[in-house]
Amino acid sequence: MSQTSAALGRIQPSATLAMSARVNALKAEGVDVIGLSAGEPDFDTPDFVKEAGIAAIRNNQTRYTDVDGTADVKEAVAFKFKRDNGLAYKRSQISVNSGGKHTLFNALIATVDAGDEVVIPAPYWVSYPDIVNFAGGTPVFIEAPAAQGYKITPAQLDAAITPRTKWVMLNSPSNPSGAAYSADELKALADVLLRHPHVLVMTDDMYEHVWYASTPFATIAQVCPELYDRTLTVNGCSKAFSMTGWRIGFAGGPEWIIKAMGKLQSQSTSNPCSISQAAAVAALTGPQDFLEDRNAVFKKRRDMVVAMLNDAPGLDCPTPEGAFYVYPDASGVIGKTTPKGAVIDSDEALIGYFLDEGKVAAVHGAAFGLSPAFRISYATSDDVLRKACTRIQEACAALK
C-alpha cells in the first residue's frame, strides 16, 4: 500500500523549480554556472511598495484577514481591472490568493471533477496540466508550434472542445514562449467559445505589463463581453512589480467561482499574508510609470538574446511579444553528437549538455509540452546574458 495519496501520484515536481535548485547546488559547490531557468524579474520591488509593507508592520496589520483578501486589496484589484482592462468587478467577484499559482490551483480544484477536460495550449506553463491531473481531470493539449507563432488557431480550439470540456486555459503573454494574442486573435477564439456555452475560460494574464507588441494588451473578457460571465481573469503582482516572494495573486470572475475558491482557501491556507496585501494595494493603485522603463530594458535584452541564439548553429529563436522568455526551436541540433560522443536525442539531453559542458542552465521543452525546444529567461543583466549566449553558441558549434 502506498503511503502517499493517489492524487499526489498524478503530479510531478515542477521542472523549472527543480532546475533552479540544481543551479543553486552547483553554485554552492563553486561551479561557474549561469542560471537562466527561473522566471523571476531581476528588478527590486519598487520602494513605494516596500514602504507600504513596512508601514503595515508598524501599524500592526499582522493579524488574520478575510480568507480571500481584505476589502482594501479587493478594491485595489477592482481598480486595476477597470483601469487596465475595462472590466468591472465587485468585491464579491474578486479572490486574492498566495500567488498566481495558488489562484489557478484554487479555481481548478474547486471546479474540476473526474472526467472533466481542460483544454491547454502547448507550450504551456509547467503547472497547468499537473493541477488538472491533481484535481482528477484530463488535460487536453493543443500544440501550437513555432510556425504558428506558438499560438493556437480557432480551428484547433473548436476541434479540441467536447461535451466534457470544463475549461479552456489561455496564457498571454505566454510562459514559456512569450507569444501574445492580439485583440483580433482573441476575438476569433472567443467566436469559437461562444458556440460552446458549457465551457469556462481561464485567462492567465500574469505577464500583462511585460509587453512589447505595437498593439495594446487585451484579455478575452475585455474583447468579448459576452464571455464575461464565463471567464476567470487571473493576474498578480509577482512579475510586473517584482513581488515574487510577496506571494499575491488574484482573479476576477463569476461570483459562484469566487465563492467556491474562497471555500477551498478557508480550509487550506486561509488568508494571504496581511503585510503583502497592504503592499499589493500600493502596487496596484500607485505609480505605474516605472513599468515602461523596465519594459525598455527587457526589450533590449530580448533583442540581444534572440539575435545571439539565432547565430547558434541549429537553433531557430522566434522573437517574443511579451514576458521575459525565449523558446528556441532546437530541431536543428537533435541527432547531433557531442565532443564526448553522446547523441543529442531530445531537448532534455540538449539542456543537460548545455549545463554539463557550457555551464548554462535552461529548461527543456518537454516540460512545457512542446519539443524539441528549450526555455531561457532573460530576466538578468546584459553581461550575464551575453556570456550565457556565447556559451550556448560555442556548445552548439561543437556538435557534429
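Parameters at a glance
- Residues numbered from 1 in each chain as written.
- Predicted model: local features only at pLDDT ≥ 70, side-chain atom pairs only at ≥ 80, totals over all residues.
- Heavy atoms only, no water.
- UniProt positions renumbered as here; feature names shortened; annotations may be inferred.
- Domains from an automatic or database assignment.
- Contact = heavy atoms within 4.5 Å.
- Buried area = accessible area lost by both parts, 1.4 Å probe.
- Salt bridge = Lys/Arg side-chain N within 4 Å of Asp/Glu carboxyl O.
- Polar contact = N/O pair within 3.5 Å; in protein donor to acceptor, adjacent residues only side chain to side chain.
- Helix = DSSP H or I, 4+ residues; strand = E, 2+ residues; numbered from the N terminus.
- Nonpolar A, V, L, I, M, F, W, Y, C, P; charged D, E, K, R; others polar.
- Phe/Tyr/Trp six-rings, centres within 6.5 Å; stacked < 30°, edge-to-face > 60°.
- Buried < 20%, exposed > 50% of the residue type's maximum accessible area, 1.4 Å probe, protein only.
- Lys NZ or Arg CZ within 6 Å of the ring centre and 35° of its normal.
- Expected span 1.5 Å × (residues − 1).
- Pairing = 2+ DSSP bridges.
- Axes fitted to C-alpha atoms, helices over the stretch in contact; angles between N-to-C directions.

- In the annotation of an unreviewed UniProt entry, the protein chain is listed under the name Aminotransferase and assigned to Sphingobium lactosutens DS20.
- What UniProt states about the protein chain under its Catalytic activity (unreviewed entry) heading is, verbatim, "L-aspartate + 2-oxoglutarate = oxaloacetate + L-glutamate".
- Taken verbatim from the UniProt record of the protein chain, the Cofactor (unreviewed entry) comment is "pyridoxal 5'-phosphate".

## Examining the domain arrangement of the protein chain
And then number 1: Domain boundaries in the protein chain define domain 1 (6-44 + 290-398) and domain 2 (47-285).
And then number 2: The straight-line distance from the C-alpha centre of domain 1 to that of domain 2 is 26 Å.
And then number 3: Contact residues are listed per partner, giving 37 residues for domain 1 and 38 residues for domain 2.
And then number 4: Summed over both sides, the interface between domain 1 and domain 2 buries roughly 3,000 Å², with carbon and sulfur atoms accounting for 59% of that surface.
And then number 5: The largest contributions to the domain 1 side of the interface with domain 2 come from Glu321, Phe368 and Leu370, which together make up 21% of the buried area.
And then number 6: Remark: the boundary between domain 1 and domain 2 carries 1 salt bridge.
And then number 7: The salt bridge partner of glutamate 321 is lysine 151, with a shortest N-O separation of 3.5 Å.
And then number 8: Remark: the boundary between domain 1 and domain 2 carries 21 residue pairs in polar contact (both at pLDDT 80 or more).
And then number 9: Mapped by element, the contributors of at least two residues to the side of domain 1 that touches domain 2 are helix H1 (6-9), helix H2 (15-28), helix H12 (290-310) and strand E9 (325-326).
And then number 10: Element by element, the count of residues in the side of domain 1 that touches domain 2 is highest for H12, at 7 residues.
And then number 11: Across the side of domain 1 that touches domain 2, the residue classes break down as 21 nonpolar, 7 polar and 9 charged.

## Section: the packing of aromatic side chains
And then number 1: The tally for this structure, following the rule as stated, stands at 18 aromatic pairs.
And then number 2: Both rings, one in phenylalanine 324 and one in tyrosine 325, keep their centres 5.1 Å apart while their planes meet at 50°; by these two values the pair is tilted. We note that phenylalanine 324, like tyrosine 325, is buried.
And then number 3: Three or more aromatic residues link up through ring pairs in this structure, and these residues are Phe43, Tyr207, Phe298, Phe324 and Tyr325.
And then number 4: Geometry around tyrosine 181 places lysine 151 over its ring, the cationic atom sitting 6.0 Å from the centre.

## What to know about H2
And then number 1: With 14 residues, H2 ought to run about 20 Å at 1.5 Å a step, and its terminal C-alpha atoms sit 20 Å apart, in line with that.
And then number 2: Those residues of H2 that are buried lie in contact with strand E1 (34-35), helix H13 (347-358), strand E10 (360-361), strand E11 (363-364) and strand E12 (374-377).
And then number 3: Following H2 by one or two positions, glycine 30 adopts a phi angle in the positive range, close to 90°.

## Some points on the sheet that holds strand E5 (residues 165-171)
And then number 1: One open sheet holds the 7 strands; their spatial order is E2-E8-E7-E6-E5-E3-E4, and the pairing between them is mixed. This sheet does not close on itself; its edge strands, each paired only once, are strand E2 (94-97) and strand E4 (138-143). Across the sheet, the mean angle separating the axes of adjacent strands is 20° when strand polarity is ignored.
And then number 2: Where strand E7 (residues 231-236) and strand E8 (residues 249-252) come together, 4 bridges link them in antiparallel fashion. Bridge pairing in E8 links threonine 233 to glycine 252.

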